[in-house]
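Architecture and fold: a report
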Amino acid sequence: MQVFKFGGASVKDGNGVKNLAAVLQKVGYKNALIVISAMGKTTNAIELIVKNYFENKAELQSSIQEVKKYHNGILLDLFENEHHQAFKKISVLFNELSSFFKTNKSPDYNFVYDQTIGFGELVSTTIISEYLNFIGLKNNWIDVRNYIKTDNYYRRANINWEQTQSLITSKFNKNTLNITQGFLGSDANNFTTTLGREGSDYTAAIFAYCLNAESVTIWKDVPGVLNADPRYFENAQLLNKISYREAIELAFYGASVIHPKTLQPLQGKEIPLYVKSFLNPENSGTKIGKDVTLEPMIPCFIVKKNQVLISLSSLDFSYIVEENISEIFNLLHLYKMKVDLIQNSAISFSVCVDNIYNNLEKLLHHLKGKFKVTCHENVSLYTIRHYNDKSINQIELGKTVLLKQLTQETMQVVTK
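From a predicted model like this one, the values you see are computed outputs, not experimental measurements.

What counts and what doesn't
Residues numbered from 1 in each chain as written. Predicted model: local features only at pLDDT ≥ 70, side-chain atom pairs only at ≥ 80, totals over all residues. Heavy atoms only, no water. Helix = DSSP H or I, 4+ residues; strand = E, 2+ residues; numbered from the N terminus. Contact = heavy atoms within 4.5 Å. Salt bridge = Lys/Arg side-chain N within 4 Å of Asp/Glu carboxyl O. Buried < 20%, exposed > 50% of the residue type's maximum accessible area, 1.4 Å probe, protein only. Pairing = 2+ DSSP bridges. Axes fitted to C-alpha atoms, helices over the stretch in contact; angles between N-to-C directions. Polar contact = N/O pair within 3.5 Å; in protein donor to acceptor, adjacent residues only side chain to side chain. Core = buried A, V, L, I, M, F, W, Y, C linked by side-chain atoms within 4.5 Å. Expected span 1.5 Å × (residues − 1). Arc of directions from axis to C-beta. Phe/Tyr/Trp six-rings, centres within 6.5 Å; stacked < 30°, edge-to-face > 60°.

Now for the side chain of Thr217. Structurally, the position occupied by Thr217 is in strand β7 (residues 215-220). The residues contacting Thr217, other than those within four sequence positions of it, are Val3, Phe4, Lys5, Tyr274 and Lys276.

In the structure shown here, the tally under the stated rule is twelve salt bridges. Glu130 is the partner of Lys89 in a salt bridge, and the nearest nitrogen-oxygen pair spans 2.6 Å. Of this pair, Lys89 sits in helix α4 (residues 85-103) while Glu130 is found in helix α6 (residues 119-134), placing the two residues 41 residues apart along the sequence. Given the relative accessible area of 6%, Glu130 is considered buried. Across the pair Asp229 and Arg231 runs a salt bridge whose closest N-O atoms are separated by 2.6 Å.

Spatially, β12-β13-β11-β14-β16-β15 is the arrangement adopted by the six strands of the open sheet, whose pairing is antiparallel. What marks the edges here is a single partner per strand, and that holds for β12 (338-344) and β15 (401-406). Averaged over neighbouring strand pairs, the angle between their axes works out to 30 degrees when direction is ignored. Two elements, β15 and strand β16 (residues 410-415), share five bridges in a ladder whose sense is antiparallel. Looking at β16, one finds that Val401 is bridged to Thr415. Across the face of the sheet, helix α9 (residues 244-253) comes into contact with β11 (300-314), β14 (371-385) and β16 while running at roughly 140 degrees to β14.

Along the chain, Asn139 turns up in the loop between α6 and β3 (140-141). A residue is classified by how much of its surface remains accessible, and Asn139, at 12% relative accessible area, is buried. Only 3.2 Å separates the side chain of Asn139 from the backbone oxygen of Leu137, close enough to count as a polar contact. Non-local contacts of Asn139, meaning those with residues more than four positions away in its chain, are made with Ser129, Leu132, Asn133, Leu177 and Ile179.

What follows deals with the pairing of strand β1 (residues 2-6). Residues in a regular strand point their side chains to alternate faces of the sheet. Most of β1 is tucked away: four of the five residues are buried. Pairing of β1 with β7 involves five bridges; the strand directions are parallel. Residue pairing in the sheet places Phe6 in a bridge with Trp219 of β7. With five bridges connecting them, β1 and strand β2 (residues 32-36) associate as parallel partners.

Let us now look at the nonpolar core. Of all hydrophobic cores here, the largest spans 94 residues; its most connected members are Phe101, Leu132, Phe172, Phe207, Val216 and Ile288. With residues near it in sequence (within four places) discarded, Ile288 still touches Val225, Ile242, Ser243, Tyr244, Ala247, Ile258, Leu263, Pro272, Leu273 and Val275. Counting residues in hydrophobic clusters, the runner-up holds 18 residues, among them Ile328, Leu360, Leu363 and Leu364.

Before going further, it helps to examine α6. Compared with an ideal rise of 1.5 Å per residue, which puts 16 residues at 22 Å, α6 spans 22 Å between its outermost C-alpha atoms and is within 8% of the ideal. A positive backbone phi angle near 100 degrees is found at Gly136, which sits one or two residues after α6.

Quick look at helix α11 (residues 322-334) now. Over its 13 residues, α11 runs 18 Å from end to end, which matches the ideal 18 Å to within 8%, given 1.5 Å per residue. Residues Asn324, Ile328, Leu331 and Leu332 constitute the buried set of α11. Down the axis, α11 shows its buried residues gathered within 100 degrees of arc, on one side only. In α11, those exposed residues whose orientation departs by more than 90 degrees from the buried face are Glu322, Glu323, Asn330, His333 and Leu334.

Moving on, we come to unusual backbone geometry. Both trends apply: most residues other than glycine have a negative phi, and most peptide bonds are in trans. A cis amide bond links Glu295 to the next residue, Pro296, at an omega of 0 degrees. With respect to the helices, strands and loops of the structure, Pro296 is situated in the loop between β10 (286-289) and β11. Phi is positive for Asn306, which is not a glycine, with a value near 55 degrees. Tracing the backbone through its elements, the reader meets Asn306 in strand β11.

This model, assessed by the stated rule, comprises 20 aromatic pairs. Relative to Phe54, the ring of Tyr53 has its centre 5.1 Å away and its plane inclined at 80 degrees; by these criteria the two rings are edge-to-face. An angle of 40 degrees between the planes, with centres 6.0 Å apart, marks the rings of Tyr109 and Tyr113 as tilted. Taken together, the positions of Tyr109 and Tyr113, both in helix α5 (residues 109-117) and four residues apart, correspond to about one turn of that helix. For Tyr113, a relative accessible area of 3% puts it in the buried group.

Laid out in structure tokens, this is it:
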């Protein structure tokens, strides 16, 4: 078994879908599973639909129609006439989306988000499955929600591994080309759940683990894993090989090319992960695996923007000890703050967090009851693995440094 994952950028238009087919024909697709994300910026467009549902119902239907129009344009690029069954299947999916908003009774944003956001993946995989069949690449479309089971932690669900393994083992047909959705699962009540943004990579790893796959390949619009995101850093270089451990470190610190949860199941069964270019599929790309060292050994840069730096100190200059730190972390957990950096001294404690669930104001109100609180919003957290003086100077130049932390292999700095 091979598992391939194609992201939204690779299938953003008709030419992208045709290129996906060409990649499969070049590299082989026998006994393969293809995991596919929503097309282009569809996830962002559906997030706007959800926003309109809660805040601007007058725009709800027009925002749904915009997404439908985008996908119909892709259908027209791929099929010879509008009578192909793909058009009807996509229309049915958009009718389901509209119906959900008419019948939904839940006021919970996270629940509504998960019931709707996955239509991007359902639509993209339906279009691609139909197109591959149309050109003679026979395949089986499967609904990932019938295979990956989770809890009901909407927007960042946790996998029920035992149930997922059982379903994949009993229901999955290894002897054909299968197409499925990334990012999605379902809970015990069969409501849709999501695995977190960029969770399609994780989907590929879950299937690879449960199927004992030979390898996973993530197809990107870059030549492989780079030592920096070219959107934010100049002269990014290709990393030819990375160990699981190094890749997990990079993912933990926020390297966007790999989802943080993707690597653990692959490492558990020593399944190699390849990151390759869908524009140059025959190039070797990057291999992530066991017993390989970083090649070449150069500094790796990661930036996380729109972070929040919270600095706490005791009101009476007493020490911040285990009891205080325990209380702080309980509050961070309560308000669903993702912690990216911690620093503490005798009477102060600083934490850099990602305010994913927009609970910052509630958290600060709670903290101010016991601590003196300073808060910096919209800061950037830079991480350098295998840093040197030149790389540190490159990051700090022209910025205000709010916090800095160095260990033997990693430097982190929060800047404004």
